[in-house]
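# A closer look at the structure
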Amino acid sequence: MAAFSFTLAKLSPSSVSSWTLSLPSFLPTTTRRRRHPKSVVVVSAAAAMNTKPTILVAEKLGEAGLQLLNNFANVDCSYNMTPEELCTKISLCDALIVRSGTKVTRQVFESSGGRLKVVGRAGVGIDNVDLSAATEHGCLVVNAPTANTIAAAEHGIALLTAMARNIAQANASVKAGKWQRSKYVGVSLVGKTLLVMGFGKVGSEVARRARGLGMQVIAYDPYAPADRARAIGVELVTFDEAISAADFISLHLPLTPTTSKILNDECFSKMKKGVQIVNVARGGVIDEEALVRALNSGIVAQVALDVFTEEPPPEDSMLVLHENVIVTPHLGASTIEAQEGVAIEIAEAVAGALKGELAATAVMHHELAPFVGLAEKLGRLAVQLVAGGSGVQSVKITYASARGPDDLDTRLLRAMITKGLIEPISSVFVNLVNADFTAKQKGLKITEERVVLDGSPGKPLEFIQLQIANVESKFAGAISESAEIKVQGMVKEGLPHLTMVGSFGVDVSLEGSLILCKQVDQPGIIGKVGSILGQGNVNVNFMSVGRTAPQKQAVMTIGVYEEPDTETLQKIGEIVAIEEFVFLKL
Ligand SMILES: NC(=O)C1=CN([C@@H]2O[C@H](COP(=O)(O)OP(=O)(O)OC[C@H]3O[C@@H](n4cnc5c(N)ncnc54)[C@H](O)[C@@H]3O)[C@@H](O)[C@H]2O)C=CC1
Ligand SMILES: O=C(O)C(=O)COP(=O)(O)O
């Protein structure tokens, strides 16, 4: 599960039962009562204090950002620290700002002794921050998701053109006193097919530029809206179509469990002979050993890499030393303009977090805590049900409660749903501060509706329902009567449960992962699926069947901890009565 970007900490005095976000230690916390007798607001009073927070900047940050930070904090710029030096310094710091070169490990959080409250990543990818450790230590992680987009796209295009015309190798050859005109004959880009993998901020800018170079551009991104692609003359295609049609491939995916080694031996074997590949995303999206094999066999003719699984790569890396590979040392975001922009973007985010923006609205009763987990899981589940090419644009959240609308501040729940909807498919790290902004930026319109139920308001919420409109689903059973993807859940005995998928009532605890199967209701199917999973060494934790009527259609929900392998999933699909199924990671 993706890490929580903030932590809930219990307040004292113990006579007042409430939860709030943990605050920077330099901020005194004063409490004042609100209208609801049990709620407590934590008011930040940084302005009233003489002490300034201390911010450690561990990698070079643009001047404009440093100025912003200097306005309210003591700023310690210590570049090129060893991991040991970072661990020593961190206990004196309230915030830490890094780029991709610093690993913010569990040890860093442990060494901070609880003082570190914000980690700012001056860039997009946050794979160098241990998010679980951040959460456990009550530390907020923020990033700068937009300011380096153009720089990364321009670097991708620079590598693409340099690679096609052997610029790097020819340059080295001339400087070595040679004049090898026939050795460095290149290939033309015009009319060739470029596959953009990951049609997000950077990918779409690369696509736009490649169209300008006269290339045919196709894209693989199951979460991108087809109309956005069409608007710039790009066709969204399936993974297999994409891989077999491309003359050139440019990678712009975030590194997630799904995209890790997405280019592997099997995938290389399906590519056109002589394909050329650019990677300015993350090294880990390619199986680097498989890439060396594909280069040696001639399937892949040329490669241009800005990023590597290990950075810097080992000196004897076969990939880096390969004559058909050109490399840059993770320079995608390194333009003067992008670095100034990133510095401002991250300074504002860190300042906002430290100044206690969170405190203003992040109050909640401890009774709401389980719904926070439910909200994120429903978001994660719903987005994985969307079919490729549909693009999520409109999400409606319904909160059903016996309490009056004014008794429920939904900002935190909405943020968690947004986090669940966006994080599995993007490199943006969503938290309470940036959730609404991020949703807007992704073109995601989120509307909220309260349903006031009869009865006594024993708990804050009865259920939360999510509906995604105008999309197709990879699991038709998730489509409701009103033609939307619909999932609904509630908290039972303190744990989040899924209670509805499409029009089917189900009841399964939202832990581990889920398999949803739609079938013609008949005896014996549960046993068949269970034994296939057993043969595949997958333990079934929960199972529930919701049907429209006996002998008619039913949706079976199976909770599993282990991820079934492809063969096991294939066998489930082969059961005749099963019409469709989907595996979802929570
Ligand atoms: N080399 C460098 O210096 C830089 C590298 N980057 C990297 O570039 C990558 C993309 O960045 P942005 O465009 O800003 O992110 P983004 O979040 O705007 O775009 C990522 C896209 O990938 C798609 N995606 C997610 N999972 C997918 C899957 N399994 N298959 C296909 N598509 C999938 C998403 O739907 C989204 O459209 C990130 O890894 C980022 O860290 C970004 C800036 C500079
Ligand atoms: O923003 C990103 O994801 C990048 O990869 C840029 O990394 P950098 O800040 O240049 O170390």
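Residues numbered from 1 in each chain as written. Chains lettered and ligands numbered in written order. Predicted model: local features only at pLDDT ≥ 70, side-chain atom pairs only at ≥ 80, totals over all residues. Heavy atoms only, no water.

Looking at an unreviewed UniProt entry, the protein carries the name D-3-phosphoglycerate dehydrogenase, with the source organism given as Camellia sinensis var. sinensis. For the record of the protein, the UniProt heading Pathway (unreviewed entry) holds the text "Amino-acid biosynthesis; L-serine biosynthesis; L-serine from 3-phospho-D-glycerate: step 1/3." (UniProt positions renumbered as here; feature names shortened; annotations may be inferred.)

Neighbouring ligand 1 are 30 residues; Val-202, Asp-221, Val-280, Ile-425 and Ser-427 lie closest to it. Here Gly-332 contributes a backbone N or O atom positioned 3.4 Å from an oxygen atom of ligand 1. In the complex, the protein chains occlude 96% of the 860 Å² of accessible area that ligand 1 would expose alone. Residues belonging to the shell around ligand 1 are distributed by class as follows: 14 nonpolar, 11 polar and five charged. (Near = heavy atom within 4 Å. Polar contact = N/O pair within 3.5 Å; in protein donor to acceptor, adjacent residues only side chain to side chain. Areas by Shrake-Rupley, 256 points an atom, 1.4 Å probe, with all protein chains shown as cover. Nonpolar A, V, L, I, M, F, W, Y, C, P; charged D, E, K, R; others polar.)

Going through the model one piece at a time under the given rule, you end up with one aromatic pair. Arranged with centres 5.2 Å apart and planes meeting at 75°, the rings of Tyr-220 and Phe-239 form a pair that is edge-to-face. Of this pair, Tyr-220 sits in strand β11 (residues 216–220) while Phe-239 sits in helix α9 (residues 239–245), and the two are 19 residues apart along the sequence. Residue classification places Phe-239 among the partly exposed positions, given a relative accessible area of 23%. (Phe/Tyr/Trp six-rings, centres within 6.5 Å; stacked < 30°, edge-to-face > 60°. Helix = DSSP H or I, 4+ residues; strand = E, 2+ residues; numbered from the N terminus. Buried < 20%, exposed > 50% of the residue type's maximum accessible area, 1.4 Å probe, protein only.)

Often, the extent of an interface is quoted as the loss of accessible area upon association of its parts. One can read the domain layout of the protein as domain 1 (54–143), domain 2 (151–327), domain 3 (365–497) and domain 4 (503–585). Centre-to-centre separation of domain 1 and domain 2, based on C-alpha positions: 32 Å. (Domains from an automatic or database assignment.)

One open sheet accounts for six strands, arranged β19-β18-β20-β21-β22-β23; its pairing is mixed. Among the strands making up the open sheet, the edge pair consists of β19 (445–452) and β23 (504–509). The sheet shows a mean angle of 20° between the axes of neighbouring strands, taken without regard to direction. Pairing between strand β18 (residues 394–401) and β19: eight bridges, direction parallel. The partner of Val-395 across the bridge, within β19, is Ile-446. Contacts from helix α15 (residues 369–384) reach β20 (463–469), β21 (485–492) and β22 (495–501), with the element oriented near 155° to β21. Contacts from helix α16 (residues 411–422) reach β18, β19 and β20 within the one sheet, and its direction differs from that of β18 by about 140°. (Pairing = 2+ DSSP bridges. Axes fitted to C-alpha atoms, helices over the stretch in contact; angles between N-to-C directions. Contact = heavy atoms within 4.5 Å.)

Taken together, Arg-99, Ser-100, Arg-121, Ala-122, Gly-123, Val-124, Gly-125, Asn-148, Arg-282, His-330 and Ala-333 make up the full set of residues near ligand 2. Surface burial for ligand 2 is 91%, taken as the share of its 310 Å² of free accessible area covered by protein chains. Per-class residue counts for the shell around ligand 2 are three nonpolar, five polar and three charged.

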